[in-house]
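Read off the chains here:
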Amino acid sequence: MKRILVTGGAGFVGSHLCERLLNEGNEVICLDNYFTGSKRNIEHLMDHHFFELVRHDVTNPYMIEVDEIYNLACPASPVHYQYNPIKTIKTSVMGAINMLGLAKRVKAKILQASTSEVYGDPKVHPQPESYWGHVNPIGSRSCYDEGKRCAETLFMDYKNQNDVDIKIVRIFNTYGPRMNPQDGRVVSNFIVQALRGEDITVFGDGTQTRSFQYVDDLIEGMIRMMNSEQGFWGPVNIGNPGEFTMVELAKKILQLTNSKSKLVFQPLPQDDPMQRRPDISLAKEKLGGWTPKIQLEEGLLKTIEYFEKVI
Ligand code: NAD
Ligand code: UDP
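Basis of the calculations
- Residues numbered from 1 in each chain as written.
- Chains lettered and ligands numbered in written order.
- Predicted model: local features only at pLDDT ≥ 70, side-chain atom pairs only at ≥ 80, totals over all residues.
- Heavy atoms only, no water.
- Helix = DSSP H or I, 4+ residues; strand = E, 2+ residues; numbered from the N terminus.
- Rg over C-alpha atoms; globule rule 2.2 N^0.38 Å.
- Buried < 20%, exposed > 50% of the residue type's maximum accessible area, 1.4 Å probe, protein only.
- Contact = heavy atoms within 4.5 Å.
- Areas by Shrake-Rupley, 256 points an atom, 1.4 Å probe, with all protein chains shown as cover.
- Lys, Arg positive; Asp, Glu negative; His and termini not counted.
- Charge placed at Lys NZ, Arg CZ, Asp CG, Glu CD.
- Pairing = 2+ DSSP bridges.
- Axes fitted to C-alpha atoms, helices over the stretch in contact; angles between N-to-C directions.
- Patch = residues over 30% accessible without salt bridge, like charges linked within 9 Å, V, L, I, M, F, W, Y side chains within 5 Å.
- Salt bridge = Lys/Arg side-chain N within 4 Å of Asp/Glu carboxyl O.
- Near = heavy atom within 4 Å.
- Polar contact = N/O pair within 3.5 Å; in protein donor to acceptor, adjacent residues only side chain to side chain.
- Nonpolar A, V, L, I, M, F, W, Y, C, P; charged D, E, K, R; others polar.
- Right-handed = clockwise from strand over helix to strand, strands pointing away.

### Structural notes on the overall build of the protein
At step 1: Across its full length, the protein carries nine helices and 13 strands.
At step 2: The C-alpha atoms of the protein give 19 Å as radius of gyration, which agrees with the globular expectation for 311 residues (19 Å, within 12%).
At step 3: Taken over the C-alpha atoms alone, the protein extends approximately 55 × 45 × 40 Å along its principal axes.
At step 4: Split into buried and exposed, the 311 residues of the protein put 56% on the buried side.
At step 5: For the protein, contacts bridging at least 24 residues in sequence account for 81% of all contacts bridging at least 6.
At step 6: Carbon and sulfur atoms make up 50% of the accessible area of the protein, which amounts to about 13600 Å² in all.
At step 7: Where the 35 positive side-chain charges of the protein centre and where its 38 negative ones centre are 1 Å apart.

Below is the structure:
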């Protein structure tokens, strides 16, 4: 049995990860400050003998004896990470320093939940891990993008300087049950709007693209990465290469929900990337043939079913 710390464990992705790690027979410590996460996401795990909950902010040091750390603590939706940008960058950078310091001290393996945002508004398409990105250092998305880039730097430096056993995954847009209805990201916004019969808010002309991954595929990729061969630290892209415009996504959700909602076009937020699609060759090669199994329509149907229950 391994003892595993999941920071940001009460969030959307973190709650699925805690559940899967418990089901595999591990002891799980879920650490969260509940900024965007919620006890509701993990309430079904609370009676489990090997599950523990800790209210803590990763910008402060934390000590515990563990074998592995998954570092997920950080708001991920633009609406939430832009609410307090200084706190967002502190969470990424100080959170990484505190968790890497812990990993170093107790000799734990540590995985960083990085992001496709490190590629910014990419000029190379699809994005391989070797691409350095095209990122504005002083825009409204910078607190998140640059915070995550700096965290990757810290992970590599702790590996090189202190021999910490690190793993970095670059996560592309992920969706699924337990996203907060107020989260502000596109999949949850469109589904909630469609189910309520409200206007679907498309930003810009809706021709920008994203690649959407169902959460179960992400969790499988993260766990395979944590267990990957020694000496492979990434970064590795984890995403679904299916690429859709926001208008295509909106129309698909209207069709699947049988909704009569109308598309309304609103201004495109600053620095909103025009295109995004992962090159997943490295993940396939290094993570035992990992590949996403759940395509958009199937994943959307599961997510719609969840939102029908909660809203
Ligand atoms: P989320 O907002 O649902 O979860 C983040 C969790 O971190 C929340 O529970 C929040 O309360 C917690 N948190 C925030 N600041 C904290 C702090 N200072 N101390 C302790 N806990 C804190 O978002 P998510 O979609 O579950 O994302 C999880 C991780 O995956 C994030 O690091 C995010 O950057 C990364 N990621 C997610 C996506 C995606 O599409 N979901 C894409 C790329 C990267
Ligand atoms: N978006 C949109 N309507 C919304 C929310 C988002 O058209 O109600 C667009 C947003 O401008 C972006 C894409 O959907 O082009 C994905 O946005 P999200 O916030 O989900 O993720 P990110 O921009 O971080 O990839």
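### A word on the side chain of Thr91
At step 1: Take Thr91: it is sitting in helix 3 (residues 85–106).
At step 2: Residue Thr91 is classed as buried on the basis of its relative accessible area, which comes to 9%.
At step 3: When sequence neighbours within four positions are dropped, the list of residues in contact with Thr91 reads Val58, Thr59, Ala73, Cys74 and Ala96.

### With respect to the sheet that holds strand 3 (residues 51–55)
Whether parallel or antiparallel, the strands of a sheet pair through hydrogen bonds between backbone atoms.
At step 1: On the basis of which strands lie adjacent, the open sheet formed by seven strands has the order 3-2-1-4-5-6-11 and parallel pairing. Looking at which strands have only one partner, the edges of the open sheet turn out to be strand 3 and strand 11 (236–238). Strand-to-strand, the axes of this sheet are offset by a mean angle of 20°, without reference to chain direction.
At step 2: Of the strand pairs in this sheet, strand 1 (residues 3–7) and strand 4 (residues 68–71) are connected by four bridges, and their pairing is parallel.

### A short note on the environment of Phe307
At step 1: Along the chain, Phe307 falls in helix 9 (residues 296–310).
At step 2: As a C-alpha pair, Phe307 and Leu249 span 58 residues in sequence and 17 Å in three-dimensional space.
At step 3: Among residues more than four places away in sequence, those in contact with Phe307 are Met179, Asn180, Pro181, Ser188, Ile191, Val192 and Leu195.

### Overview of a nonpolar patch on the surface
At step 1: Together, Phe203, Leu268 and Met274 make up an exposed nonpolar region whose accessible area comes to about 230 Å².
At step 2: Positionally, Phe203 belongs in strand 8 (residues 200–203).
At step 3: Take Phe203: its relative accessible area is 30%, and that puts it in the partly exposed class.

### Focus: the site of ligand 2
At step 1: Near ligand 2, the surroundings consist of 18 residues, among which Asn189, Thr201, Phe203, Arg210 and Asp272 are the closest.
At step 2: In the model, an oxygen atom of ligand 2 is placed 3.4 Å from a nitrogen or oxygen of the Glu117 side chain.
At step 3: Contact between ligand 2 and Asn173: an oxygen atom at 2.9 Å from a side-chain N or O atom of the residue.
At step 4: Notes on ligand 2: free accessible area 510 Å², of which the protein chains cover 95%.
At step 5: Of all elements in the fold, only helix 5 (186–196) and strand 8 reach the threshold of two or more residues within the shell around ligand 2.
At step 6: Among the residues forming the shell around ligand 2, the class breakdown is seven nonpolar, five polar and six charged.

### Structural notes on unusual backbone geometry
Among all residues save glycine, negative phi is the norm, and among peptide bonds the norm is trans.
At step 1: Cis geometry is found at the peptide bond from His125 to Pro126, where omega equals -10°.
At step 2: Structurally, Pro126 can be placed in the loop between strand 5 (109–115) and helix 4 (142–162).
At step 3: Omega for the bond connecting Gly234 with Pro235 falls within 30 degrees of zero, at 0°, which places this linkage in the cis form.
At step 4: Its location among the elements puts Pro235 in the loop between helix 6 (215–226) and strand 11.
At step 5: Not every positive phi belongs to a glycine, and Asp271 is a case in point at roughly 60°.
At step 6: Along the polypeptide, Asp271 turns up in the loop between strand 13 (263–266) and helix 8 (281–286).

### Focus on the pairing of strand 5
At step 1: Burial within strand 5 is extensive, with seven of its seven residues counted as buried.
At step 2: Across the two faces of strand 5 the burial is the same, with Lys109, Leu111, Ala113 and Thr115 and Ile110, Gln112 and Ser114 all buried.
At step 3: Relative to strand 6 (residues 166–171), strand 5 is paired through six bridges, and the arrangement is parallel. Residue Ser114 lies in a different strand from strand 6, and its bridge partner there is Arg170.
At step 4: For the segment spanning strand 5, helix 4 and strand 6, crossover handedness is right-handed.

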